[in-house]
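Each chain, written out:
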Amino acid sequence: MHEYRQRVLVARQEITGADRQWAAQYAVGDVVRYTRGSKTHGIEAGEYVRVERANEKENLVTIKRENSERVSYDPRRLHGVTLYRETERTFSEGDRVQFTAPNRERHIANRELGTIKKIDDSGNLQLRLDSGREVAFNIKENPHLDYGYAMTSHSSQGQTADRVLVHVDTEQAGETLVNRRLAYVAVSRGRYDAQIYTNDKGQLAEQLSRDLSHRSAMEPNHESVSLAHHIERASASSQAHEHTQAEGQSISR
């Protein structure tokens, strides 16, 4: 099957709203999209530009527009800004893909999934969405596309599948990522079966029982404890899926 290399935009999710106010967080080559635009600097809402320079000392960002015009500004003065890095993806007919930004013109939601029906060297795509609707566009006009075989727990909210595989690394993620909320969202995506792959089975139940709500500081959360026990029971009763670096725990419905 022929593969087609295409340029896509991946959001720099490590950049927070506070980070975007400082030139030091901008890298040369970053693509910036302005949700609101700026009359002062002549930037249109929805416009994409590329970062040419980041002056940390004076806190100034210099961007280049499509018409080659260069504009320098203090990033603290602009709001509704998203930073992307440009990267390459290889797509083929039959690939599962997901949209990484909403497309209002085509009524496509963020993280909506689909399958590539047709693709060519010019980046013309025909997709069949999981909703059954078909859409066609050129990836240069809508570069917010990525593989749809895996997604973050946050992005999977509202999505369902017959079976899901959940990867939880207890060492690499802090309590803001590995907690009861992740356990509920990730495990509940599967209709019939969910398998959790982790580096530490002993720590898994404890970390997935953490509740970040204010109530957890005042009293224990019985629902999270129940979920932890459910995982522990499933871990003991299911057949272990041995891998080189991970263990899989199956939770059938």
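Notes on the structure follow. Each chain has its residues counted from 1, following the order in which its sequence is written. Per-residue local features of the predicted model are confined to residues with pLDDT of at least 70, and side-chain atom pairs are confined, for both listing and counting, to 80 or more; whole-chain, interface and lining totals are unaffected and use all residues. Computation of side-chain values: all heavy atoms of the structure, hydrogens and water removed.

**Quick notes on the nonpolar core**
Now for step 1: With 16 residues, the main nonpolar core has F91, F99, I116, L125, L127 and L145 as its most contacted residues.
Now for step 2: In DSSP terms, a helix is any run of H or I states spanning at least four residues, a strand is any run of E spanning at least two, and both are numbered starting from the N terminus. Residue assignment for this core shows that the elements contributing at least two residues are β1 (4–11), β7 (96–99), β8 (113–119), β9 (124–129) and β10 (134–138).
Now for step 3: By definition, residues are in contact when any of their heavy atoms lie within 4.5 Å. Filtering out sequence-adjacent residues up to four positions away, F99 remains in contact with I108, A109, N110, R111, E112, L127, L129, F137, N142, H144 and L145.
Now for step 4: Counting residues in each nonpolar core, the second largest holds 14 residues, with Y26, I43, V61 and L78 among its members. Only buried residues count toward a nonpolar core. Its members are Ala, Val, Leu, Ile, Met, Phe, Trp, Tyr and Cys residues joined through side-chain atoms within 4.5 Å. Exposure categories follow from relative accessible area, calculated using a 1.4 Å probe and restricted to protein chains: below 20% of the type maximum is buried, above 50% is exposed, and the middle band is partly exposed.

**A look at unusual backbone geometry**
Now for step 1: At N59, a position not held by glycine, the phi torsion is positive, near 55°.
Now for step 2: The class for N59 is buried, based on a relative accessible area of 6%.
Now for step 3: Positive phi is not limited to glycine here, since R111 has a value of about 70°.
Now for step 4: As for its position among the elements, R111 is in the loop between β7 and β8.
Now for step 5: Overall, the relative accessible area of 15% leaves R111 in the buried class.

**Overview of the packing of aromatic side chains**
Now for step 1: Here a pair means two rings of Phe, Tyr or Trp (six-membered ring of Trp) with centres within 6.5 Å. Their orientation is stacked below 30 degrees between planes, edge-to-face above 60, and tilted elsewhere. In this structure the tally under the stated criterion is three aromatic pairs.
Now for step 2: Between F91 and Y147, the ring centres sit 5.4 Å apart and the planes meet at 65°, which makes this aromatic pair edge-to-face. Pair noted here: F91 is in strand β6 (residues 81–91) and Y147 is in strand β11 (residues 145–147), with a separation of 56 residues, a long-range link.
Now for step 3: The exposure class assigned to Y147 is partly exposed, which follows from its relative accessible area of 29%.
Now for step 4: Ring geometry for F99 and F137: centres 5.8 Å apart, planes at 50°, overall tilted. In this pair, F99 is assigned in strand β7 and F137 in strand β10, connecting sequence segments 38 residues apart. The two residues F99 and F137 agree in class, both being buried.

**Structural notes on the sheet that holds strand β5 (residues 70–73)**
Now for step 1: What the six strands build is an open sheet, ordered β1-β6-β2-β3-β4-β5; its pairing is antiparallel. Of all the strands in the sheet, just β1 and β5 have a single pairing partner and so form its edges. Each adjacent strand pair in this sheet contributes to an overall mean axis angle of 40°, direction not counted.
Now for step 2: Taken together, the eight bridges between β1 and β6 define a ladder with antiparallel strand orientation. Within β6, the residue paired with V10 across the bridge is R85. DSSP-based pairing: two strands are paired if at least 2 bridges between them are found. A fitted line through C-alpha atoms represents every axis, and for helices the fit uses only the stretch in contact; the resulting angles, taken between N-to-C directions, go from 0 to 180 degrees.

**Here we look at the pairing of β10**
Now for step 1: Note that β9 and β10 share five bridges and pair antiparallel. Residue pairing in the sheet places R128 in a bridge with E134 of β10.
Now for step 2: A loop of four residues connects β9 with β10, the two strands running antiparallel in sequence, and G132 in this loop sits at a positive phi of about 100°.

**Thoughts on the environment of R50**
Now for step 1: With respect to the element layout, R50 can be found in strand β3 (residues 48–55).
Now for step 2: For R50, a relative accessible area of 34% puts it in the partly exposed group.
Now for step 3: Distance from R50 to L83, taken between C-alpha atoms, is 9.6 Å for residues 33 residues apart in sequence.
Now for step 4: Ignoring any residue separated from it by four or fewer positions in sequence, one finds R50 in contact with G29, D30, V31, T62, I63, K64 and E86.
Now for step 5: In this structure the side chain of R50 is engaged in a polar contact, spanning 3.1 Å, whose partner is the backbone oxygen of G29.
Now for step 6: A polar atom in the side chain of R50 sits 3.4 Å from the side chain of E86. In protein, a polar contact requires one atom able to donate a hydrogen and another able to accept it; more generally it is a pair of N or O atoms within 3.5 Å, and residues adjacent in sequence count only if both atoms are side-chain atoms.

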